[in-house]
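Observations on chain architecture
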Amino acid sequence: MSLISLTNVVKKYSVGKQEVIALDHISFEIKPAKMTVVLGPSGSGKSTALNMLGGMDTPTSGTIWADDQEISTFNDGQLTLYRRDHVGFVFQHYNLIPNLTAAENVGIGSQYSRDAMSPAEALASVGLAGRERSFPSELSGGQMQRVAIARAIAKRPRLLLCDEPTGALDSGTGRTVIELLRSIADTTDTAVVVVTHNASIAAAGDATVTLHDGQLQSHVQYQVPVPVGE
Ligand code: ADP
Ligand code: ADP
């Protein structure tokens, strides 16, 4: 069973008189309780694919089903509700608010959700119990990313979208972040999607979608995850 399925998705951008085909008839699936890695070099269409999954944008053509909703037909208001209710986002540069504490940053992620974890519970689940009152400037890069992950998962999203989540971290710290994302996929129903250009991160996933120049190069499902760095 899949949480999200994309079928023949095309996304074109107009840049002046030029047309850029960012995604060219792409089809793949995202499964719950799995970590799917979207792999490809810069410009291959990864961010565009993430934007489609997360309801930031809709395709030029093709269909995207998320559970029982055809999100490719959604208007802006419907997309806003879809993102709010079902999607958590993790970014390369954490995107924490500097003058808010860790707990306050986490609270922002779930302010509209009724069944959310408390900030303390979410922070504990990423190994940051007791750091509720720390400000981002008092935390290491890896800790800041864990606060960002706590913010994203506090509302118990169906989908957790991570855009180059280790891109600003050294390799050892990046490995612990990937292990944390793996454990979320292993212990919850959340579908974890990690966008990266790093093939060793791809090997840590349950499935890999490889993009090149907007085309689907391969879609490997049911691979055996290999811990990062091995
Ligand atoms: P990646 O995330 O793999 O680097 P992107 O999805 O950002 O790839 O980009 C894929 C292609 O689409 C690139 O050629 C990029 O320049 C183009 N592109 C992406 N977003 C836009 C946009 N908003 N307007 C115009 N072109 C875009
Ligand atoms: P990433 O580092 O994740 O690959 P990019 O630098 O490719 O990110 O893109 C960052 C954002 O800018 C994305 O939302 C993408 O859609 C947009 N973007 C990428 N290329 C272009 C472009 N040529 N024109 C306008 N927006 C773009």
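Parameters at a glance
Residues numbered from 1 in each chain as written. Chains lettered and ligands numbered in written order. Predicted model: local features only at pLDDT ≥ 70, side-chain atom pairs only at ≥ 80, totals over all residues. Heavy atoms only, no water. UniProt positions renumbered as here; feature names shortened; annotations may be inferred. Helix = DSSP H or I, 4+ residues; strand = E, 2+ residues; numbered from the N terminus. Rg over C-alpha atoms; globule rule 2.2 N^0.38 Å. Areas by Shrake-Rupley, 256 points an atom, 1.4 Å probe, with all protein chains shown as cover. Lys, Arg positive; Asp, Glu negative; His and termini not counted. Charge placed at Lys NZ, Arg CZ, Asp CG, Glu CD. Near = heavy atom within 4 Å. Polar contact = N/O pair within 3.5 Å; in protein donor to acceptor, adjacent residues only side chain to side chain. Nonpolar A, V, L, I, M, F, W, Y, C, P; charged D, E, K, R; others polar. Buried < 20%, exposed > 50% of the residue type's maximum accessible area, 1.4 Å probe, protein only. Pairing = 2+ DSSP bridges. Right-handed = clockwise from strand over helix to strand, strands pointing away. 1 Å grid on protein atoms, 1.4 Å probe; cavity = no way out; pocket = protein on both sides within 12 Å on 5 of 7 lines; lining within 4 Å. Points joined across faces, edges and corners; volume = space filled by probe spheres on them. Salt bridge = Lys/Arg side-chain N within 4 Å of Asp/Glu carboxyl O.

As annotated in an unreviewed UniProt entry, the protein chain is ABC transporter ATP-binding protein from Luethyella okanaganae. Per its UniProt entry, the protein chain bears the Sequence similarities (unreviewed entry) comment "Belongs to the ABC transporter superfamily."

1. Overview of the overall build of the protein chain
From N to C terminus, the protein chain includes 7 helices and 10 strands. The C-alpha radius of gyration of the protein chain comes to 17 Å, within 12% of the 17 Å expected for a compact globule of 230 residues. Along the three orthogonal principal directions, the C-alpha set of the protein chain runs to about 50 × 45 × 40 Å. For the protein chain, the exposed area adds up to about 10,700 Å²; of that, 50% sits on carbon and sulfur atoms. Between the centroid of the 18 positive side chains of the protein chain and the centroid of its 23 negative side chains there is a distance of 3 Å.

2. Things to note about the site of ligand 2
Around ligand 2 sit Ser47, Asn51 and Asp163, and those are all the residues in its vicinity. Interatomic distance of 2.9 Å between a side-chain N/O atom of Ser47 and an oxygen atom of ligand 2. A distance of 3.4 Å is found between an oxygen atom of ligand 2 and a side-chain nitrogen or oxygen belonging to Asp163. Contact with the protein chains hides 30% of the accessible area of ligand 2, taken as 550 Å² for the molecule alone.

3. Some remarks on the site of ligand 1
Tyr13, Val15, Val20, Ala22, Pro41, Ser42, Gly43, Ser44, Gly45, Lys46, Ser47 and Thr48 make up every residue found near ligand 1. Separating an oxygen atom of ligand 1 from a backbone N or O atom of Gly45 is a distance of 3.1 Å. Within the complex, the protein chains bury 61% of what would otherwise be the 550 Å² of accessible surface of ligand 1. Among the secondary structure elements, those contributing two or more residues to the shell around ligand 1 are β1 (4–15), β2 (18–30) and α1 (46–53). No other element matches α1, which puts 3 residues into the shell around ligand 1. Taken together, the residues of the shell around ligand 1 sort by class into 5 nonpolar, 6 polar and 1 charged.

4. Considerations on the environment of Glu104
Within the secondary structure layout, Glu104 lies in helix α3 (residues 102–108). Assessed through its relative accessible area of 42%, Glu104 is described here as partly exposed. Separated by 78 residues in the primary sequence, Glu104 and Ile26 place their C-alpha atoms 39 Å from one another.

5. Details of the pairing of strand β7 (residues 159–163)
Two faces, one strand: in a regular strand the side chains alternate between the faces of the sheet. With 4 of its 5 residues buried, β7 lies for the most part within the structure. When strand β6 (residues 87–90) meets β7, the two strands line up parallel, connected through 4 bridges. When the sheet's bridge partners are listed, Val90 is paired in β7 with Cys162. Read as a crossover between parallel neighbours, the route from β7 over helix α6 (residues 171–187) to strand β8 (residues 191–196) is right-handed.

6. Here we look at the layout of surface pockets
Within this model, the largest pocket holds a volume of roughly 380 Å³. In this structure, the largest pocket is lined by 16 residues; those nearest its centre are Arg83, Val87, Phe89, Gly109 and Lys155. Those elements that place two or more of their residues in the lining of the largest pocket are α2 (76–86), β6 and α5 (141–153). It is β6 that provides the largest number of residues to the lining of the largest pocket, a total of 3 residues. The calculated volume of the second largest pocket comes to roughly 300 Å³. Lining the second largest pocket are 16 residues; nearest its centre among them are Pro157, Ile184, Thr188, Asp189 and Thr190. No other element matches α6, which puts 4 residues into the lining of the second largest pocket. Tallied by class, residues from the lining of the second largest pocket come to 7 nonpolar, 5 polar and 4 charged.

7. A look at the pattern of salt bridges
Tallying each qualifying case throughout the model produces 8 salt bridges. Residues Arg182 and Asp206 are paired through a salt bridge, measuring 3.1 Å at the closest nitrogen-oxygen approach. Of this pair, Arg182 sits in helix α6 while Asp206 sits in the loop between α7 (199–202) and β9 (207–212); the two residues are 24 residues apart in sequence, bridging distant segments of the chain. With respect to class, Arg182 is no different from Asp206; both count as buried.

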